[in-house]
Amino acid sequence: KLLWNTDVSADGALKEICDIRYGSASGAMFRYWKTLEKAMMDMPGCMMKNPEEFAVLFTPAVQTSLAGILAEAEKLSPANPAVKADRTLLRRQAA
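Analysis parameters
- Residues numbered from 1 in each chain as written.
- Predicted model: local features only at pLDDT ≥ 70, side-chain atom pairs only at ≥ 80, totals over all residues.
- Heavy atoms only, no water.
- Helix = DSSP H or I, 4+ residues; strand = E, 2+ residues; numbered from the N terminus.
- Expected span 1.5 Å × (residues − 1).
- Buried < 20%, exposed > 50% of the residue type's maximum accessible area, 1.4 Å probe, protein only.
- Arc of directions from axis to C-beta.
- Axes fitted to C-alpha atoms, helices over the stretch in contact; angles between N-to-C directions.
- Parallel < 35°, antiparallel > 145°, perpendicular 65-115°, else oblique.
- Left-handed = near helix turned anticlockwise from the far one by under 90°.
- Contact = heavy atoms within 4.5 Å.
- Nonpolar A, V, L, I, M, F, W, Y, C, P; charged D, E, K, R; others polar.
- Phe/Tyr/Trp six-rings, centres within 6.5 Å; stacked < 30°, edge-to-face > 60°.
- Core = buried A, V, L, I, M, F, W, Y, C linked by side-chain atoms within 4.5 Å.
- 1 Å grid on protein atoms, 1.4 Å probe; cavity = no way out; pocket = protein on both sides within 12 Å on 5 of 7 lines; lining within 4 Å.
- Points joined across faces, edges and corners; volume = space filled by probe spheres on them.

**Considering helix α4 (residues 60-76)**
- Between its first and last C-alpha atoms α4 spans 24 Å; for 17 residues at 1.5 Å apiece the expected length is 24 Å, and the two agree.
- Every buried residue of α4 is listed here: Val62, Leu66, Ile69, Leu70 and Ala73. Seen from one end, α4 has its buried residues packed into an arc of 100°, which puts them on one side. Looking at α4, the residues exposed on the side facing more than 90 degrees away from the buried face are Pro60, Ala61, Thr64 and Lys75.

**Focus: the packing of helix α2 (residues 26-42) against α4**
- Running from amino to carboxyl end, α2 crosses α4 at an angle of 165°, the nearest separation of the two axes being 9 Å. As far as their axial angle goes, α4 and α2 are roughly antiparallel. The crossing of α2 and α4 is left-handed. Residue-level contacts link Ala28, Met29, Arg31, Tyr32, Thr35, Leu36 and Ala39 of α2 to Val62, Ser65, Leu66, Ile69, Leu70, Glu72, Ala73 and Leu76 of α4.
- Looking at the contact of α2 with α4 residue by residue, the class counts come to eleven nonpolar, two polar and two charged.

**Overview of the packing of aromatic side chains**
- According to the stated counting rule, one finds one aromatic pair in the structure shown.
- Considering the side-chain rings of tyrosine 32 and tryptophan 33, the 5.1 Å spacing of their centres and the 90° angle between planes classify their relative orientation as edge-to-face.
- A relative accessible area of 3% places tyrosine 32 in the buried class.
- The class for tryptophan 33 is partly exposed, based on a relative accessible area of 28%.

**With respect to the nonpolar core**
- Tyr22, Met29, Tyr32, Phe58, Leu66 and Val83 are the most contacted members of the largest nonpolar core, which totals 20 residues.
- When contributions to this core are tallied by element, the ones reaching two or more residues are α1 (10-22), α2, α3 (51-57), α4 and α5 (81-94).
- Setting aside anything within four residues of it in sequence, one finds methionine 29 in contact with Cys18, Tyr22, Leu70, Ala73, Val83 and Asp86.

**Focus: the layout of surface pockets**
- When its volume is computed, the largest pocket comes out at roughly 190 Å³.
- Lining the largest pocket are Tyr32, Trp33, Leu36, Met40, Met47, Lys49, Phe54, Leu57, Phe58, Leu89 and Gln93.
- Secondary structure elements with two or more residues in the lining of the largest pocket: α2, α3 and α5.
- Ranked by residues supplied to the lining of the largest pocket, first place goes to α2 with four residues.
- Looking at side-chain class alone, the lining of the largest pocket contains nine nonpolar, one polar and one charged residues.
- In this structure, the second largest pocket spans a volume of roughly 150 Å³.
- Around the second largest pocket sit Ala10, Asp11, Leu14, Trp33, Lys34, Leu36, Glu37 and Met40, which together line it.
- Of all the secondary-structure elements, those providing two or more residues to the lining of the second largest pocket are α1 and α2.
- Looking at the lining of the second largest pocket element by element, the count peaks at five residues for α2.
- For the lining of the second largest pocket, a count of residues per class yields five nonpolar, no polar and three charged.

Quick look at the structure:
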C-alpha cells in the first residue's frame, strides 16, 4: 500500500497490519514492532543479519520490553497463532 498511496503513513500501514494479524492484541503488537524499530534505529551501524549482531540489537532491556509486550498480547488474544509465532521468533533471535 505504501508503494502506490503516498498518503498512507508507515505507522498507519503498520497499525492496519496489526489489526488484521493480531486482532484484539493489535495495540500491544503495534508497540512491539515500534519497540523493535526503535532498537534497530538506536543500533550502531546497520543490521546485516549476522548472528553476532543480534546480541547488539536484542539487549537485555529490549528483550525484557518485548517479552512484556508479548505477555500482554498473549493475555489479550491467547489463541492467536500470530502472537505465538512472534514469541517463538523472539526466543530464537534473542538466544
